[in-house]
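Remarks on the overall topology
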Amino acid sequence: MAELNFGGVIETVMTREEFPLEKAREILKNETIAVLGYGVQGPGQACNLRDNGFNVIVGQRQGKTYDKAVADGWVPGETLFSLEEAAEKGTIVCMLLSDAAQMQLWPTIKPYLTPGKTLYFSHGFAINWSDRTGVVPPKDIDVIMVAPKGSGTSLRTMFLEGRGLNSSYAIYQDASGKALDKVLAFGIGIGSGYLFETTFKREATSDLTGERGSLMGAIQGLLLAQYEVLRENGHTPSEAFNETVEELTQSLMPLFAKNGMDWMYANCSTTAQRGALDWMGPFHDAIKPVVQKLYQSVVTGNEAQISIDSNSKPDYRVKLEAELKALHDSEMWRTAETVRKLRPENN
Ligand SMILES: NC(=O)c1ccc[n+]([C@@H]2O[C@H](COP(=O)([O-])OP(=O)(O)OC[C@H]3O[C@@H](n4cnc5c(N)ncnc54)[C@H](O)[C@@H]3O)[C@@H](O)[C@H]2O)c1
Ligand SMILES: CC(C)(O)[C@@H](O)C(=O)O
Ligand SMILES: [Mg+2]
Ligand SMILES: [Mg+2]
(Lines give C-alpha, C1' and ligand atoms only; values in the text may rest on other atoms or scores of the structure.)
(Ligands and ions follow the chains in the order given, each with its own letter.)
Protein backbone atom coordinates (compact mmCIF):
# COMPACT_ATOMS: atom_id res chain seq x y z
CA MET A 1 0.00 0.00 0.00
CA ALA A 2 1.17 3.52 -0.71
CA GLU A 3 2.18 5.72 2.21
CA LEU A 4 0.89 9.19 1.41
CA ASN A 5 1.38 12.49 3.17
CA PHE A 6 -1.94 14.18 3.99
CA GLY A 7 -0.99 17.68 5.12
CA GLY A 8 1.84 16.30 7.25
CA VAL A 9 0.07 13.13 8.45
CA ILE A 10 1.10 9.82 6.84
CA GLU A 11 -1.73 7.42 5.90
CA THR A 12 -1.75 4.19 3.91
CA VAL A 13 -3.83 4.12 0.75
CA MET A 14 -4.47 1.31 -1.73
CA THR A 15 -4.23 2.36 -5.36
CA ARG A 16 -5.50 0.73 -8.55
CA GLU A 17 -1.90 0.52 -9.76
CA GLU A 18 -0.99 -1.70 -6.79
CA PHE A 19 -4.23 -3.66 -6.87
CA PRO A 20 -5.27 -4.01 -10.52
CA LEU A 21 -8.65 -5.27 -11.63
CA GLU A 22 -7.18 -8.59 -12.84
CA LYS A 23 -5.94 -9.32 -9.33
CA ALA A 24 -9.36 -8.41 -7.88
CA ARG A 25 -11.09 -10.75 -10.36
CA GLU A 26 -8.69 -13.57 -9.48
CA ILE A 27 -9.35 -13.17 -5.73
CA LEU A 28 -13.14 -13.17 -6.11
CA LYS A 29 -13.38 -15.65 -9.03
CA ASN A 30 -15.13 -18.35 -6.99
CA GLU A 31 -17.48 -15.97 -5.16
CA THR A 32 -21.12 -15.22 -5.89
CA ILE A 33 -21.73 -11.61 -4.94
CA ALA A 34 -25.34 -11.13 -3.81
CA VAL A 35 -26.31 -7.46 -3.75
CA LEU A 36 -29.33 -7.11 -1.47
CA GLY A 37 -31.23 -3.90 -2.20
CA TYR A 38 -31.47 -1.94 -5.42
CA GLY A 39 -31.99 1.63 -4.22
CA VAL A 40 -29.09 4.05 -4.78
CA GLN A 41 -25.89 2.11 -3.92
CA GLY A 42 -27.29 -1.26 -5.08
CA PRO A 43 -27.48 -0.37 -8.81
CA GLY A 44 -24.16 1.49 -8.80
CA GLN A 45 -22.20 -1.33 -7.18
CA ALA A 46 -24.02 -4.25 -8.85
CA CYS A 47 -23.74 -2.82 -12.38
CA ASN A 48 -20.09 -1.77 -11.96
CA LEU A 49 -19.17 -5.23 -10.60
CA ARG A 50 -21.03 -6.93 -13.47
CA ASP A 51 -19.35 -4.71 -16.07
CA ASN A 52 -15.99 -5.47 -14.43
CA GLY A 53 -16.56 -9.21 -14.94
CA PHE A 54 -17.57 -10.40 -11.45
CA ASN A 55 -20.24 -12.98 -10.73
CA VAL A 56 -23.13 -10.86 -9.38
CA ILE A 57 -26.76 -11.50 -8.49
CA VAL A 58 -29.32 -9.05 -7.09
CA GLY A 59 -31.87 -9.61 -4.32
CA GLN A 60 -34.74 -7.14 -4.26
CA ARG A 61 -38.33 -7.13 -3.02
CA GLN A 62 -41.11 -6.66 -5.60
CA GLY A 63 -42.02 -3.09 -6.54
CA LYS A 64 -40.61 -0.08 -8.35
CA THR A 65 -36.96 -0.85 -7.71
CA TYR A 66 -37.42 -4.50 -8.75
CA ASP A 67 -38.68 -3.20 -12.10
CA LYS A 68 -35.65 -0.91 -12.30
CA ALA A 69 -33.40 -3.93 -11.77
CA VAL A 70 -35.15 -5.74 -14.65
CA ALA A 71 -34.73 -2.64 -16.83
CA ASP A 72 -31.00 -2.65 -15.98
CA GLY A 73 -30.68 -6.17 -17.39
CA TRP A 74 -30.98 -8.34 -14.26
CA VAL A 75 -32.94 -11.47 -15.22
CA PRO A 76 -35.57 -12.88 -12.81
CA GLY A 77 -34.62 -16.43 -11.78
CA GLU A 78 -31.11 -16.10 -13.26
CA THR A 79 -29.51 -13.01 -11.77
CA LEU A 80 -32.47 -11.41 -9.95
CA PHE A 81 -34.10 -13.04 -6.94
CA SER A 82 -36.02 -12.38 -3.76
CA LEU A 83 -33.88 -11.17 -0.86
CA GLU A 84 -33.94 -14.62 0.77
CA GLU A 85 -33.00 -16.51 -2.41
CA ALA A 86 -30.14 -14.13 -3.16
CA ALA A 87 -28.86 -14.34 0.43
CA GLU A 88 -28.91 -18.14 0.14
CA LYS A 89 -27.07 -18.24 -3.20
CA GLY A 90 -24.54 -15.52 -2.35
CA THR A 91 -21.16 -16.24 -0.82
CA ILE A 92 -20.58 -12.51 -0.34
CA VAL A 93 -23.84 -11.08 0.98
CA CYS A 94 -24.00 -7.32 0.46
CA MET A 95 -26.22 -5.30 2.75
CA LEU A 96 -27.24 -2.53 0.38
CA LEU A 97 -30.70 -2.22 1.87
CA SER A 98 -31.46 1.09 3.57
CA ASP A 99 -29.86 1.20 7.02
CA ALA A 100 -33.30 0.84 8.67
CA ALA A 101 -34.18 -2.15 6.46
CA GLN A 102 -30.86 -3.85 7.29
CA MET A 103 -31.98 -3.81 10.91
CA GLN A 104 -35.56 -4.91 10.18
CA LEU A 105 -34.50 -7.73 7.86
CA TRP A 106 -31.55 -8.95 9.95
CA PRO A 107 -33.52 -11.90 11.41
CA THR A 108 -34.46 -12.90 7.82
CA ILE A 109 -30.92 -12.65 6.40
CA LYS A 110 -28.89 -13.98 9.33
CA PRO A 111 -29.77 -17.69 8.85
CA TYR A 112 -28.16 -17.57 5.38
CA LEU A 113 -24.82 -16.33 6.77
CA THR A 114 -23.32 -19.79 7.09
CA PRO A 115 -19.65 -20.45 7.98
CA GLY A 116 -17.19 -19.33 5.32
CA LYS A 117 -19.44 -16.64 3.85
CA THR A 118 -18.70 -12.92 3.85
CA LEU A 119 -21.02 -10.17 5.02
CA TYR A 120 -20.46 -6.84 3.29
CA PHE A 121 -21.63 -3.33 4.18
CA SER A 122 -21.20 0.11 2.63
CA HIS A 123 -21.66 1.91 5.91
CA GLY A 124 -20.58 1.32 9.49
CA PHE A 125 -24.09 2.06 10.81
CA ALA A 126 -25.50 -1.45 11.45
CA ILE A 127 -22.37 -2.75 13.17
CA ASN A 128 -21.26 0.37 15.02
CA TRP A 129 -24.67 0.86 16.60
CA SER A 130 -25.36 -2.88 16.97
CA ASP A 131 -26.75 -2.21 20.47
CA ARG A 132 -29.55 -0.33 18.70
CA THR A 133 -29.79 -2.28 15.41
CA GLY A 134 -29.38 -5.82 16.79
CA VAL A 135 -27.00 -6.66 13.90
CA VAL A 136 -24.47 -9.01 15.49
CA PRO A 137 -22.85 -11.28 12.86
CA PRO A 138 -21.92 -14.90 13.57
CA LYS A 139 -18.23 -15.25 14.51
CA ASP A 140 -17.35 -17.69 11.69
CA ILE A 141 -17.87 -15.30 8.77
CA ASP A 142 -15.83 -12.38 7.43
CA VAL A 143 -17.40 -8.94 7.89
CA ILE A 144 -16.07 -6.20 5.61
CA MET A 145 -17.00 -2.74 4.39
CA VAL A 146 -16.34 -0.59 1.35
CA ALA A 147 -18.01 2.80 1.72
CA PRO A 148 -17.97 4.91 -1.45
CA LYS A 149 -17.51 8.56 -0.58
CA GLY A 150 -20.40 9.80 -2.66
CA SER A 151 -23.76 8.85 -4.09
CA GLY A 152 -24.27 5.47 -5.78
CA THR A 153 -25.48 7.49 -8.77
CA SER A 154 -22.06 9.17 -9.02
CA LEU A 155 -20.32 5.81 -8.50
CA ARG A 156 -22.05 4.55 -11.65
CA THR A 157 -21.77 7.69 -13.81
CA MET A 158 -18.10 8.22 -12.92
CA PHE A 159 -17.40 4.55 -13.74
CA LEU A 160 -19.08 4.97 -17.15
CA GLU A 161 -16.98 8.10 -17.74
CA GLY A 162 -13.82 6.09 -17.04
CA ARG A 163 -13.26 7.89 -13.73
CA GLY A 164 -13.63 6.51 -10.20
CA LEU A 165 -15.09 7.52 -6.86
CA ASN A 166 -12.83 7.01 -3.86
CA SER A 167 -13.98 4.77 -1.02
CA SER A 168 -12.94 3.87 2.48
CA TYR A 169 -12.65 0.25 3.59
CA ALA A 170 -12.63 -1.64 6.87
CA ILE A 171 -12.56 -5.14 8.28
CA TYR A 172 -14.69 -5.98 11.31
CA GLN A 173 -14.14 -9.74 11.36
CA ASP A 174 -11.51 -11.80 9.59
CA ALA A 175 -12.61 -15.41 10.10
CA SER A 176 -10.98 -16.66 6.88
CA GLY A 177 -7.69 -14.83 7.28
CA LYS A 178 -8.33 -13.48 3.77
CA ALA A 179 -10.59 -10.53 4.56
CA LEU A 180 -8.04 -7.90 3.54
CA ASP A 181 -7.62 -9.28 0.02
CA LYS A 182 -11.39 -9.68 -0.28
CA VAL A 183 -12.25 -6.15 0.82
CA LEU A 184 -9.61 -4.56 -1.42
CA ALA A 185 -10.71 -6.69 -4.39
CA PHE A 186 -14.31 -5.66 -3.75
CA GLY A 187 -13.38 -1.98 -3.53
CA ILE A 188 -11.54 -2.14 -6.86
CA GLY A 189 -14.40 -4.20 -8.34
CA ILE A 190 -17.07 -1.58 -7.64
CA GLY A 191 -14.95 1.03 -9.41
CA SER A 192 -13.27 2.84 -6.52
CA GLY A 193 -10.26 4.91 -7.50
CA TYR A 194 -8.37 4.88 -4.21
CA LEU A 195 -9.17 2.99 -1.03
CA PHE A 196 -8.66 4.67 2.34
CA GLU A 197 -8.31 2.57 5.47
CA THR A 198 -10.88 3.14 8.24
CA THR A 199 -12.89 1.32 10.92
CA PHE A 200 -16.66 0.74 11.10
CA LYS A 201 -16.84 3.22 13.98
CA ARG A 202 -14.86 5.99 12.28
CA GLU A 203 -16.75 5.58 9.01
CA ALA A 204 -20.17 5.61 10.69
CA THR A 205 -19.47 8.73 12.76
CA SER A 206 -17.68 10.74 10.04
CA ASP A 207 -20.30 9.82 7.43
CA LEU A 208 -23.25 10.89 9.57
CA THR A 209 -21.43 14.11 10.51
CA GLY A 210 -20.57 14.90 6.88
CA GLU A 211 -24.03 14.39 5.44
CA ARG A 212 -25.70 16.33 8.26
CA GLY A 213 -23.00 18.98 8.02
CA SER A 214 -21.21 20.55 5.07
CA LEU A 215 -22.26 17.96 2.48
CA MET A 216 -26.03 18.35 2.84
CA GLY A 217 -27.59 19.84 6.00
CA ALA A 218 -25.27 22.77 6.63
CA ILE A 219 -24.92 23.71 2.98
CA GLN A 220 -28.68 23.95 2.51
CA GLY A 221 -28.95 25.95 5.77
CA LEU A 222 -26.20 28.37 4.71
CA LEU A 223 -27.51 28.84 1.17
CA LEU A 224 -31.06 29.42 2.36
CA ALA A 225 -30.01 31.96 4.99
CA GLN A 226 -28.11 34.04 2.43
CA TYR A 227 -30.87 33.75 -0.19
CA GLU A 228 -33.44 34.92 2.37
CA VAL A 229 -31.39 37.96 3.45
CA LEU A 230 -30.87 39.03 -0.15
CA ARG A 231 -34.60 38.61 -0.90
CA GLU A 232 -35.64 40.45 2.29
CA ASN A 233 -33.50 43.36 1.11
CA GLY A 234 -35.15 43.73 -2.27
CA HIS A 235 -32.93 41.60 -4.52
CA THR A 236 -34.73 39.66 -7.24
CA PRO A 237 -34.95 35.84 -7.05
CA SER A 238 -32.56 35.39 -9.97
CA GLU A 239 -29.99 37.75 -8.44
CA ALA A 240 -30.26 36.14 -5.00
CA PHE A 241 -29.95 32.65 -6.52
CA ASN A 242 -27.05 33.53 -8.82
CA GLU A 243 -25.03 35.12 -5.98
CA THR A 244 -25.82 32.25 -3.59
CA VAL A 245 -25.85 29.00 -5.56
CA GLU A 246 -25.38 29.20 -9.31
CA GLU A 247 -22.00 30.90 -9.25
CA LEU A 248 -20.85 28.54 -6.50
CA THR A 249 -21.65 25.33 -8.40
CA GLN A 250 -20.86 26.55 -11.91
CA SER A 251 -17.79 28.71 -11.47
CA LEU A 252 -16.15 28.65 -8.04
CA MET A 253 -16.63 25.07 -6.80
CA PRO A 254 -14.97 23.61 -9.91
CA LEU A 255 -11.99 25.91 -9.23
CA PHE A 256 -11.44 24.76 -5.65
CA ALA A 257 -12.22 21.17 -6.61
CA LYS A 258 -9.40 21.31 -9.14
CA ASN A 259 -6.62 23.18 -7.35
CA GLY A 260 -7.68 24.04 -3.83
CA MET A 261 -9.30 26.94 -2.01
CA ASP A 262 -6.33 29.30 -2.43
CA TRP A 263 -6.56 28.80 -6.20
CA MET A 264 -10.22 29.78 -6.18
CA TYR A 265 -9.39 32.85 -4.07
CA ALA A 266 -6.52 33.74 -6.40
CA ASN A 267 -8.91 33.74 -9.35
CA CYS A 268 -11.27 36.28 -7.80
CA SER A 269 -10.90 40.04 -7.44
CA THR A 270 -8.86 41.63 -4.67
CA THR A 271 -12.16 43.08 -3.41
CA ALA A 272 -13.62 39.57 -3.11
CA GLN A 273 -10.42 38.18 -1.58
CA ARG A 274 -10.26 40.89 1.13
CA GLY A 275 -13.90 40.48 2.10
CA ALA A 276 -13.85 36.68 2.04
CA LEU A 277 -10.70 36.46 4.16
CA ASP A 278 -12.26 38.89 6.68
CA TRP A 279 -15.61 37.12 6.84
CA MET A 280 -14.46 33.48 6.96
CA GLY A 281 -13.59 33.96 10.65
CA PRO A 282 -17.04 35.11 11.82
CA PHE A 283 -18.69 32.33 9.77
CA HIS A 284 -16.31 29.73 11.23
CA ASP A 285 -16.91 30.94 14.79
CA ALA A 286 -20.69 30.93 14.38
CA ILE A 287 -20.78 27.48 12.79
CA LYS A 288 -18.20 25.51 14.80
CA PRO A 289 -20.39 25.18 17.93
CA VAL A 290 -23.16 23.77 15.73
CA VAL A 291 -20.75 21.20 14.24
CA GLN A 292 -19.56 20.27 17.74
CA LYS A 293 -23.18 19.77 18.83
CA LEU A 294 -23.81 17.69 15.71
CA TYR A 295 -20.76 15.48 16.34
CA GLN A 296 -21.87 14.83 19.92
CA SER A 297 -25.32 13.89 18.69
CA VAL A 298 -23.71 11.46 16.21
CA VAL A 299 -21.14 9.90 18.53
CA THR A 300 -23.64 9.27 21.34
CA GLY A 301 -25.86 7.33 18.93
CA ASN A 302 -28.63 9.92 19.12
CA GLU A 303 -28.58 10.55 15.35
CA ALA A 304 -28.64 6.82 14.64
CA GLN A 305 -31.63 6.42 16.94
CA ILE A 306 -33.50 9.31 15.27
CA SER A 307 -32.84 7.69 11.91
CA ILE A 308 -33.95 4.25 13.14
CA ASP A 309 -37.12 5.62 14.76
CA SER A 310 -38.22 7.78 11.85
CA ASN A 311 -37.30 5.26 9.14
CA SER A 312 -39.26 2.53 10.89
CA LYS A 313 -42.58 4.43 10.83
CA PRO A 314 -45.12 3.17 8.28
CA ASP A 315 -45.77 6.69 6.92
CA TYR A 316 -42.02 7.44 6.64
CA ARG A 317 -41.91 7.57 2.81
CA VAL A 318 -45.03 9.76 2.53
CA LYS A 319 -43.68 12.25 5.07
CA LEU A 320 -40.22 12.30 3.48
CA GLU A 321 -41.70 12.91 0.05
CA ALA A 322 -43.78 15.80 1.46
CA GLU A 323 -40.63 17.36 2.97
CA LEU A 324 -38.69 16.99 -0.26
CA LYS A 325 -41.63 18.44 -2.21
CA ALA A 326 -41.67 21.49 0.09
CA LEU A 327 -37.95 21.99 -0.67
CA HIS A 328 -38.62 21.55 -4.39
CA ASP A 329 -41.56 23.97 -4.34
CA SER A 330 -39.77 26.71 -2.38
CA GLU A 331 -39.05 29.95 -4.25
CA MET A 332 -35.29 29.35 -4.09
CA TRP A 333 -35.38 25.95 -5.79
CA ARG A 334 -38.11 26.96 -8.26
CA THR A 335 -35.83 29.85 -9.21
CA ALA A 336 -33.08 27.24 -9.67
CA GLU A 337 -35.14 25.43 -12.30
CA THR A 338 -35.41 28.58 -14.41
CA VAL A 339 -31.75 29.47 -13.87
CA ARG A 340 -30.63 25.95 -14.94
CA LYS A 341 -32.61 26.34 -18.19
CA LEU A 342 -30.61 29.49 -18.89
CA ARG A 343 -27.29 27.64 -18.86
CA PRO A 344 -26.29 27.89 -22.52
CA GLU A 345 -25.55 24.14 -22.71
CA ASN A 346 -29.16 23.42 -21.70
CA ASN A 347 -30.61 25.39 -24.59
N1 LIG B 1 -27.23 6.39 -1.13
C2 LIG B 1 -25.91 6.39 -1.31
O3 LIG B 1 -25.41 6.81 -2.34
C4 LIG B 1 -24.98 5.82 -0.26
C5 LIG B 1 -23.62 6.21 -0.25
C6 LIG B 1 -22.73 5.56 0.61
C7 LIG B 1 -23.21 4.56 1.44
N8 LIG B 1 -24.54 4.23 1.44
C9 LIG B 1 -24.99 3.13 2.29
O10 LIG B 1 -25.39 2.07 1.43
C11 LIG B 1 -26.50 1.35 2.00
C12 LIG B 1 -27.68 1.39 1.04
O13 LIG B 1 -28.12 2.73 0.96
P14 LIG B 1 -29.09 3.24 -0.20
O15 LIG B 1 -29.15 4.73 -0.08
O16 LIG B 1 -28.70 2.65 -1.50
O17 LIG B 1 -30.47 2.62 0.29
P18 LIG B 1 -31.95 2.95 -0.18
O19 LIG B 1 -32.62 3.81 0.83
O20 LIG B 1 -31.91 3.46 -1.57
O21 LIG B 1 -32.63 1.51 -0.09
C22 LIG B 1 -32.07 0.38 -0.71
C23 LIG B 1 -33.09 -0.71 -0.91
O24 LIG B 1 -33.67 -1.13 0.33
C25 LIG B 1 -34.92 -1.69 0.02
N26 LIG B 1 -35.76 -1.70 1.22
C27 LIG B 1 -36.03 -0.65 2.04
N28 LIG B 1 -36.87 -1.06 3.02
C29 LIG B 1 -37.11 -2.38 2.82
C30 LIG B 1 -37.88 -3.35 3.49
N31 LIG B 1 -38.54 -3.05 4.61
N32 LIG B 1 -37.91 -4.60 2.99
C33 LIG B 1 -37.20 -4.92 1.87
N34 LIG B 1 -36.45 -4.05 1.19
C35 LIG B 1 -36.40 -2.79 1.66
C36 LIG B 1 -35.48 -0.78 -1.06
O37 LIG B 1 -36.38 -1.50 -1.87
C38 LIG B 1 -34.25 -0.36 -1.83
O39 LIG B 1 -34.10 -1.14 -2.99
C40 LIG B 1 -26.74 2.03 3.34
O41 LIG B 1 -25.98 1.37 4.30
C42 LIG B 1 -26.21 3.44 3.14
O43 LIG B 1 -25.86 4.11 4.33
C44 LIG B 1 -25.43 4.84 0.61
C1 LIG C 1 -23.92 10.13 -0.45
C2 LIG C 1 -23.61 10.25 1.05
C3 LIG C 1 -24.28 11.50 1.61
O4 LIG C 1 -22.20 10.41 1.19
C5 LIG C 1 -23.97 8.98 1.83
O6 LIG C 1 -23.33 9.03 3.08
C7 LIG C 1 -25.44 8.71 2.04
O8 LIG C 1 -25.82 8.39 3.16
O9 LIG C 1 -26.20 8.76 1.07
MG1 LIG D 1 -24.39 8.32 4.69
MG1 LIG E 1 -21.38 9.38 2.80
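Residues numbered from 1 in each chain as written. Chains lettered and ligands numbered in written order. Predicted model: local features only at pLDDT ≥ 70, side-chain atom pairs only at ≥ 80, totals over all residues. Heavy atoms only, no water.

- As annotated in an unreviewed UniProt entry, the protein carries the name Ketol-acid reductoisomerase and is attributed to Paraprevotella xylaniphila YIT 11841.
- Looking at the Sequence similarities (unreviewed entry) heading of the UniProt record, one finds this comment for the protein: "Belongs to the ketol-acid reductoisomerase family."
- You can read under Cofactor (unreviewed entry) in the UniProt record for the protein the words "Mg(2+)". (UniProt positions renumbered as here; feature names shortened; annotations may be inferred.)

1. Concerning the environment of Thr32
- Structurally, Thr32 can be placed in the loop between α1 (21-27) and β3 (33-36).
- Residue classification places Thr32 among the buried positions, given a relative accessible area of 18%.
- Along the sequence, Thr32 and Phe54 sit 22 residues apart, while their C-alpha atoms lie 8.2 Å from each other.
- If we ignore the near neighbours within four places in the chain, the residues touching Thr32 are Asn55, Ile57, Lys89, Gly90, Thr91 and Ile92. (Helix = DSSP H or I, 4+ residues; strand = E, 2+ residues; numbered from the N terminus. Buried < 20%, exposed > 50% of the residue type's maximum accessible area, 1.4 Å probe, protein only. Contact = heavy atoms within 4.5 Å.)

2. Some remarks on the site of ligand 1
- As a structural note, the neighbourhood of ligand 1 is formed by 23 residues, with Tyr38, Gln41, Gln60, Asp99 and Gly152 the closest of them.
- Between an oxygen atom of ligand 1 and a side-chain N or O atom of Arg61, the distance comes to 3.4 Å.
- A total of 820 Å² of accessible area belongs to ligand 1 in isolation, and the protein chains cover 79% of it.
- No other element matches the four residues that helix α5 (residues 99-104) contributes to the shell around ligand 1.
- By residue class, the composition of the shell around ligand 1 is eight nonpolar, 13 polar and two charged. (Near = heavy atom within 4 Å. Polar contact = N/O pair within 3.5 Å; in protein donor to acceptor, adjacent residues only side chain to side chain. Areas by Shrake-Rupley, 256 points an atom, 1.4 Å probe, with all protein chains shown as cover. Nonpolar A, V, L, I, M, F, W, Y, C, P; charged D, E, K, R; others polar.)

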